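# Descriptive analysis of the structure
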Amino acid sequence: VSVRVLFLLVGAVAYFALMVTLGRISQRTTEGTKQSYFLADRRLSGLVLFAAVFGTNMTAFVMLGLPGVTYHAGVGMWAMLIGPVVLILPINIYFGYRCWLVAREYDYTTPVEFYRERYQSELVGLLAFVFFVLWTIPYVITGIIGGGRAFDTFTRGAIPFWLGALLVTLVVGYYTTAGGMKGTAWTNTAQVVFFLVFLFVALVGVPIAAGGLEALTDQVTREVPGALTRRWNGPTGWGPTISNFLLFGSILFAFPFIWIRLVSARSGRDLRKMATFYPVAILLTWGPAVLLGLWGAALLPGLEGTESDAIIFALAGQLLPAWVASLGLIGLLAMVMSSMDAQILTLSNMFTLDIVTHYRPRMAQRTATFGRLFVVGLLAFMYAVSFIPLPRLFDIATFAFTGFSGLVPFMLGGIFWRRANKHGAIASIIVGQVVAVAGFFELYPPAFGLQPVVWVLTLSTITFVVVTLLTPPQIEAAEKFHSVWDRVWAASPPAAWRRKPAAGAAEPAVID
Amino acid sequence: MVVLHFNVWLAARVGPIFFGMPVLFWYHALFAVASVGVLWLVFHALWPEEAQEERRLFGPAALSTRRGSVREGKEEVGQE
């Protein structure tokens, strides 16, 4: 065993030990109730809340996809994606705040339960459950595959795929079943620290190892001049730009694993702080990833396919000391596992509460037990599936973004539009998902370079509005939810409301 | 800000290069930092003042209208 592999193994063992320890500690403070196990008693706050949401949102895309794309397409990909991600995406947390208010008021736990009650429809709940689960499962499997491949590649086969994937599955399974939401939130905090530290160590170390910043800048200018400007064609053309603006701008709120974390917040103030400072966290994560991808194009030219996806780790392996490569493995595992745990917990949450307990109320007393059993069973199933050759699995996981976007209209309509009803919601979900799946199988040609997400969002929104307007409103269901928002906004109007108080506002503002 | 994100002005410009990155990269890095200020203003305009709202929403008067016993007793209501 080489020194390099030894460093990797020691680092991985230490990292796993920390995750298991955090899971064990959180288990001691987690009770068997659904509030405690699935929502951490709705007490996530400050840095832990931030890390729980941000860590879940940051997937292997940041360590592999983004630098890999930058390696080939240059800085244009950064320019195309960063705008909506830093400016529009945080507004999704504001949507989550509206859900948080109602979820606390009526003790709702999952988005399925929330929208089933909002639309007073079992069918809406079932459809939401099916598609939330359908688009989440590929993500979890790609996490297992990513963990296995990371070990296999980093250790050059010393830890084969099956063992690496098994280790990742077991560790995630342990701290998720043991600590529930609290366990995953605490581990996410450590994981965010790990991947940020690695990115910054690499950011500082690579220019030093490349002969200094000036020499590196000269090399970048000389070797990859085309990567320094933004091109308006190909993957960074107008079509992809508009498509990604819509996709990245709207998608966060539709992820059930993010939604549940938002309603687990202790206070609206914590959510507001997180939403405000989210762009800084994105910048600190995406910025180094893009820099390293571009530098890699100059320092290690000629990489193709998955080789270029691993450009950050190739740089760390070839230019930096062994302990940095070890930190790189930990950073990648941290990014993969911080998303995977939230997704698996959310699947467990929805299955236990929205299917088992909802349809078999007598089992409600044992929700945490069911939740834990479900996590174990699901992970075993997904670990087995990760061995089946699924060439398009990563494509499906990527495309899952588009599938989730088909759920955005009925979700947003449910929290903003009093007139919204179940008929519009059902029609919108069905149309959105049909268009999304048809797009995945390329059953309609791309027009103007626009990706399927544009048609999914457009058609599901139009369907939602038209069908809703043509069918009777659900006044009582809407009032149950809107009365909460009305009360809050009347009691404590935000700045934009203070100039024109709502008619019939119960109390004047007493702020300031 | 939404218009600015499309960066049509600096798309073809390379220099000045700083830290191995063209001006386009730093334009968007600054854009990300500026977004914090813009979001603060947006949320200030749209977001209720939580300190007041939480107390009113989840205080004793609101408990009677709530389903279940989640909030009774053990949770911190309207406290930071």
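The present account deals with the structure reproduced in this document. No experiment lies behind these values; they were computed from the predicted model shown.

What follows covers the overall build of chain A. Summing up its helical and strand segments, chain A has 23 helices and zero strands in all. What you see for chain A is a C-alpha radius of gyration of 23 Å, in line with the 24 Å of a compact globule of 512 residues. Seen through its C-alpha atoms, chain A measures out along the principal axes to roughly 70 × 55 × 50 Å. Taking as baseline every contact in chain A between residues at least 6 positions apart, the subset at least 24 positions apart corresponds to 86%. On chain A, roughly 18400 Å² of surface is accessible, and the fraction owed to carbon and sulfur atoms is 69%. Of the side chains in chain A, 34 bear a positive and 24 a negative charge, and the two mean positions are spaced by 6 Å.

Looking now at a nonpolar patch on the surface. All names here are of chain A. A cluster of nonpolar side chains, Phe200, Phe277, Val280 and Leu284, forms an exposed patch at the surface whose accessible area comes to about 320 Å². Counting residues per element, the nonpolar patch draws most heavily on helix α13 (residues 268–299), at three residues. Of note, Phe277 is situated in helix α13. With relative accessibility at 46%, the residue Phe277 sits in the partly exposed group.

Residues and elements named next belong to chain A. For helix α3 (residues 46–57), spanning 12 residues, the distance from its first C-alpha to its last is 17 Å, which sits close to the expected 16 Å at 1.5 Å a residue. Burial analysis of α3 places nine of its 12 residues in the buried class, which makes it a mostly covered element. Of all the positions in α3, only Leu49, Phe50, Ala51, Ala52, Val53, Phe54, Gly55, Thr56 and Asn57 are classed as buried. Those residues of α3 hidden inside the fold are in contact with α9 (161–209), α12 (256–262), α13 and α16 (322–359).

All names here are of chain A. Along the polypeptide, Leu319 turns up in helix α15 (residues 311–319). For Leu319, a relative accessible area of 29% translates into the label partly exposed. Sequence spacing of Leu319 and Ala209 is 110 residues, and the spatial spacing of their C-alpha atoms is 5.9 Å. Beyond its immediate chain neighbours, meaning those up to four positions away, Leu319 contacts Val206, Ala209 and Leu299.

Another aspect to go through is the pattern of salt bridges. All names here are of chain A. Within the structure shown, the criterion is met by six salt bridges over all chains. Close ionic contact of Arg487 with Glu105 constitutes a salt bridge, the shortest N to O distance being 3.3 Å. Here Arg487 is found in helix α22 (residues 475–491), whereas its partner Glu105 is found in helix α6 (residues 91–106), with 382 residues between them in sequence. On the accessibility criterion, Arg487 (32% relative accessible area) is partly exposed. A salt bridge links Asp270 to Arg266; the shortest N-O distance between them is 3.9 Å. Exposure class is identical for Asp270 and Arg266. Each is buried. A single network of salt bridges, built from pairs that share partners, joins Arg418, Glu479 and Asp486.

If you look at the biggest cluster of nonpolar residues, it comprises 184 residues, and the most contacted ones within it are A:Phe114, A:Tyr115, A:Phe198, A:Leu271, A:Trp286, A:Phe404 and A:Phe410. A per-element tally of this core places α16(A) first, with 18 residues. The contacts of A:Leu271, once residues within four sequence positions are left out, are A:Leu49, A:Ile93, A:Tyr97, A:Trp100, A:Leu262, A:Ala265 and B:Trp47. Of all hydrophobic cores here, the second largest spans five residues; its members include A:Phe399, A:Val435, A:Ala436 and A:Phe440.

The relative placement of two packed helices is expressed as an angle between their axes plus a distance between the axes. It is at 9 Å that the axes of helix α5 (residues 76–87) of chain A and helix α1 (residues 23–46) of chain B come closest, and there the two elements cross at 10°. In this view, α5(A) runs roughly parallel relative to α1(B), as classed from their interaxial angle. Contacts between α5(A) and α1(B) pair A:Trp78, A:Ala79, A:Ile82, A:Gly83, A:Val86 and A:Leu87 from the former with B:Leu24, B:Phe25, B:His28, B:Ala29, B:Phe31, B:Ala32, B:Ser35, B:Val38 and B:Leu39 from the latter. Residue classes in the contact of α5(A) with α1(B) are distributed as 12 nonpolar, three polar and no charged.

About the thresholds
Residues numbered from 1 in each chain as written. Chains lettered and ligands numbered in written order. Predicted model: local features only at pLDDT ≥ 70, side-chain atom pairs only at ≥ 80, totals over all residues. Heavy atoms only, no water. Helix = DSSP H or I, 4+ residues; strand = E, 2+ residues; numbered from the N terminus. Rg over C-alpha atoms; globule rule 2.2 N^0.38 Å. Contact = heavy atoms within 4.5 Å. Areas by Shrake-Rupley, 256 points an atom, 1.4 Å probe, with all protein chains shown as cover. Lys, Arg positive; Asp, Glu negative; His and termini not counted. Charge placed at Lys NZ, Arg CZ, Asp CG, Glu CD. Patch = residues over 30% accessible without salt bridge, like charges linked within 9 Å, V, L, I, M, F, W, Y side chains within 5 Å. Salt bridge = Lys/Arg side-chain N within 4 Å of Asp/Glu carboxyl O. Buried < 20%, exposed > 50% of the residue type's maximum accessible area, 1.4 Å probe, protein only. Expected span 1.5 Å × (residues − 1). Core = buried A, V, L, I, M, F, W, Y, C linked by side-chain atoms within 4.5 Å. Axes fitted to C-alpha atoms, helices over the stretch in contact; angles between N-to-C directions. Parallel < 35°, antiparallel > 145°, perpendicular 65-115°, else oblique. Nonpolar A, V, L, I, M, F, W, Y, C, P; charged D, E, K, R; others polar.

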